[in-house]
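Commentary on secondary and tertiary structure
Listed below are the residues making up each chain.
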Amino acid sequence: MLTNPSQIIQRNDSLIADQRVLLLNHEADHLGRELSAATHVTALALDFNHHLQLQPFANDKLTLHFSHQLPTQTKFDTVVIYFPKAKPLAEYLFSLAAQYLDVGGQVLIVGENKGGIKSFSKQFPKYFSTPVKIDNARHCLLFASELIAPAPKFDLNDWVTTYSLPTPQGEINICNCVGVFSQKQLDAGTKLLLENLAEFSGRVLDFGCGAGVISAALLKVQPELEIDCVDINAMALASCELTLQANNLQAKVYASDGYAQIQGEFNGVISNPPFHDGLAATTDIAQQFVKESAHSLFKHGVFQIVANRHLPYADDIDQHFGTVNVVAENNKYKVYQNRVK
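The residue numbers shown here count from 1 along each chain, following its written sequence. The model is predicted, so local features are restricted to residues of pLDDT at least 70 and side-chain atom pairs to those at 80 or more, both for listing and for counting; the totals for chains, interfaces and linings are taken over all residues. Hydrogens and waters are ignored; side-chain quantities use all the structure's heavy atoms.

As recorded in an unreviewed UniProt entry, the chain goes by Ribosomal RNA small subunit methyltransferase C and comes from Parashewanella spongiae.

Right, dumping it as structure tokens:
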């Protein structure tokens with residue numbers, strides 16, 4: 001089943017007939033394999049789960065990448081941009097798309113009406129022509145434009161906000177790529193977690209690492225730790241790598257869809273879990289996270305997370321760890337800390 005934005009692209013596939021096409025920031029469906037009108041499709045996913053959806057169908061006409069940019073400076077006839085949910089990321093995608101087009105190359109921008117695409121032209125760079133609305137269907141809009149002038153050279157560092165962050169473990173330099181949630185202060189949940197940080201040993205998993213704040217804080221006080229930093233978002237992983245470099249720290253940074261790509265066992269798991277309020281799947285995701293964390297820990301391994309106090313973690317922690325230990329809480333968050341028996 002194609003998402004609504006993908007369906008509107010599919011029904012306008014005459015725009016990409018006999019062309020080399022790049023799908024940029026594509027969604028969790030199989031559009032890449034169904035664009036038979038194109039001579040070749042390259043799909044660049046910023047979400048690892050979306051990449052995995054297409055992975056079984058890679059062939060000589062469909063090339064797949066998961067990253068914040070392509071590994072080579074390839075040129076395409078058309079770049080299709082899925083308008084992002086995080087509006088600040090839109091300008092990044094426009095700039096990135098321009099790197100993969102020659103002057104005269106086509107860009108298509110598609111997105112849901114409720115996602116902010118109606119006002120995207122305010123962010124659209126001048127090296128593209130004025131966008132023209134091509135289609136309006138399935139609560140989505142499709143626009144077309146072309147590159148009319150060479151774009152400025154792309155440099156990831158131009159899209160990174162760098163700032164110093166005081167933590168209970170000391171000052172940390174944070175590098176935050178556009179589109180990754182961050183504040184120029186320690187968010188309240190992470191602050192409570194770091195104020196009550198357990199002592200870890202050996203191999204530690206930072207699940208949903210984001211910009212790497214927790215890992216950097218841990219390594220400040222325990223540089224001997226072997227930390228795996230995992231996230232599903234390419235921009236978050238790039239941020240985490242830059243943060244570690246900025247603080248002269250080392251950890252293993254890689255993508256994982258839940259625990260699927262995580263191997264081996266750990267002495268500790270730490271997280272400000274990336275599960276948000278308002279999502280129907282929040283409870284199921286949280287349950288799976290607690291269960292898989294317990295299974296991934298050595299005996300006496302430490303599980304420490306901070307979560308909104310109303311999210312239903314306690315029952316699952318009790319089920320898989322045999323007890324519920326809240327080491328700190330306030331009117332919004334709880335810090336859970338348990339050991340595998």
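So, on to the overall build of the chain. A tally of helices and strands in the chain yields nine helices and 16 strands. Each radius of gyration reported is based on C-alpha atoms, and the globular scaling rule is 2.2 Å times the count of residues to the power 0.38. Against the globule reference of 20 Å for 341 residues, the chain gives a C-alpha radius of gyration of 22 Å, in line with a compact fold. Seen along its three principal axes, the alpha-carbon backbone of the chain occupies a region of about 60 × 40 × 40 Å. When the 341 residues of the chain are sorted by exposure, 53% land in the buried category. In what follows, a contact means two residues having at least one pair of non-hydrogen atoms within 4.5 Å. Counted over contacts in the chain with a minimum sequence separation of 6, partners at least 24 positions apart contribute 63%. Note that accessible areas follow from Shrake-Rupley with a 1.4 Å probe, and for residues the cover is restricted to the protein chains shown. About 15500 Å² of surface is accessible on the chain, with carbon and sulfur atoms providing 47% of the total. In this tally Asp and Glu are treated as negative and Lys and Arg as positive; neither His nor the chain ends contributes. Throughout, a charge is located at the NZ atom of Lys, the CZ atom of Arg, the CG atom of Asp or the CD atom of Glu. Side chains of the chain give 26 positive and 34 negative charges; the mean places of these two sets differ by 5 Å. A run of DSSP states H or I qualifies as a helix once it reaches four residues; a run of E qualifies as a strand once it reaches two. Both are numbered from the N-terminal end. Exposure is judged per residue with a 1.4 Å probe applied to protein chains only, and the accessible area is read against the type maximum: over 50% gives exposed, under 20% gives buried, and values in between give partly exposed.

Attention shifts here to the packing of aromatic side chains. The description of an aromatic ring pair rests on the distance of the ring centres and on the angle between the ring planes. Any two of the Phe, Tyr and Trp rings considered here, Trp counted by its six-membered ring, make a pair once their centres fall within 6.5 Å; the pair's planes then place it as stacked at under 30 degrees, edge-to-face at over 60, or tilted in between. Tallied over the full model, the rule gives 16 aromatic pairs. Ring centres 5.0 Å apart and planes at 65° place the aromatic pair F48 and F66 in the edge-to-face group. Remark: F66 occurs in strand β3 (residues 62-66) and F48 occurs in helix α3 (residues 48-54); sequence separation between them is 18 residues. In this structure, F48 and F66 share a single accessibility class: buried. Measuring from ring centre to ring centre gives 5.4 Å for Y127 and F128, while their planes differ by 50°; the resulting arrangement is tilted. Grouping residues by exposure puts Y127 and F128 together as buried.

With respect to the element layout, S296 can be found in helix α8 (residues 282-296). According to the relative accessible area criterion, S296 is buried, its value standing at 7%. Those residues in contact with S296, other than ones at most four positions away along the chain, are Y259, G264, E265, F266 and V269.

Before going further, it helps to spend a moment on helix α7 (residues 234-246). To estimate how far a helix should extend, the number of its residues minus one is multiplied by 1.5 Å. Under the 1.5 Å per step criterion, the end-to-end length of α7 is 18 Å for 13 residues, consistent within 8% with the ideal 18 Å. With ten of 13 residues buried, α7 lies mostly within the body of the structure. Here a polar contact means two N or O atoms within 3.5 Å. Within protein one must be a hydrogen donor candidate and the other an acceptor candidate, and residues neighboring in sequence count only if both atoms are side-chain atoms. Taking the backbone nitrogen of M235 as reference, a side-chain oxygen 2.8 Å away marks N233 as the first, capping residue of α7. Just downstream of α7, N248 is the residue with a positive phi angle, here 55°.

Next up on the list: the UniProt feature "domain: Methyltransferase small N-terminal" (unreviewed entry) in the chain. Taking the numbering used here, the UniProt-annotated feature "domain: Methyltransferase small N-terminal" (unreviewed entry) corresponds to residues 6-163. Regarding residues 6-163, the helix share stands at 18% and the strand share at 33%, and the terminal C-alpha atoms are separated by 38 Å. UniProt positions are given in the numbering used here, feature names are shortened, and annotations may be inferred rather than shown by experiment.

Right, let's get into helix α6 (residues 213-221). A turn of α-helix holds 3.6 residues, and therefore any two residues three or four places apart point the same way. Among the nine residues of α6, seven are classified as buried, and the element is accordingly described as predominantly covered. The complete set of buried residues in α6 reads V213, I214, S215, A216, A217, L218 and L219.

Now for the sheet that holds strand β7 (residues 140-146). Spatially, seven strands are ordered β3-β2-β1-β4-β5-β7-β6 in an open sheet, and the strand pairing comes out mixed. If you trace the sheet from one side to the other, it starts and ends with β3 and β6 (132-137), each paired once. On average, each strand axis in the sheet is tilted by 15° relative to the strand beside it, whichever way the strands run. A pair of strands counts as paired when DSSP detects no fewer than two bridges linking them. Here strand β4 (residues 76-82) runs beside strand β5 (residues 101-112); their pairing, made up of six bridges, is parallel. Fitted lines through C-alpha atoms give the axes, limited to the stretch in contact for helices. The angle between two N-to-C directions lies from 0 to 180 degrees.

This part is about the domain arrangement of the chain. Considered domain by domain, the chain is made up of domain 1 (4-153) and domain 2 (157-340). The partner domain 2 presents 13 residues to the 14 residues of domain 1 that form the contact. Two parts placed together each lose some accessible area under a 1.4 Å probe, and the buried area is that loss summed for both. Interface area for domain 1 against domain 2, summed over the two sides, is near 1100 Å², with a carbon-plus-sulfur share of 75%. Salt bridge criterion: a side-chain nitrogen from Lys or Arg within 4 Å of a carboxyl oxygen from Asp or Glu. Our count for the contact surface shared by domain 1 and domain 2 stands at zero salt bridges. All the domain ranges listed were derived from an automatic or database domain assignment.

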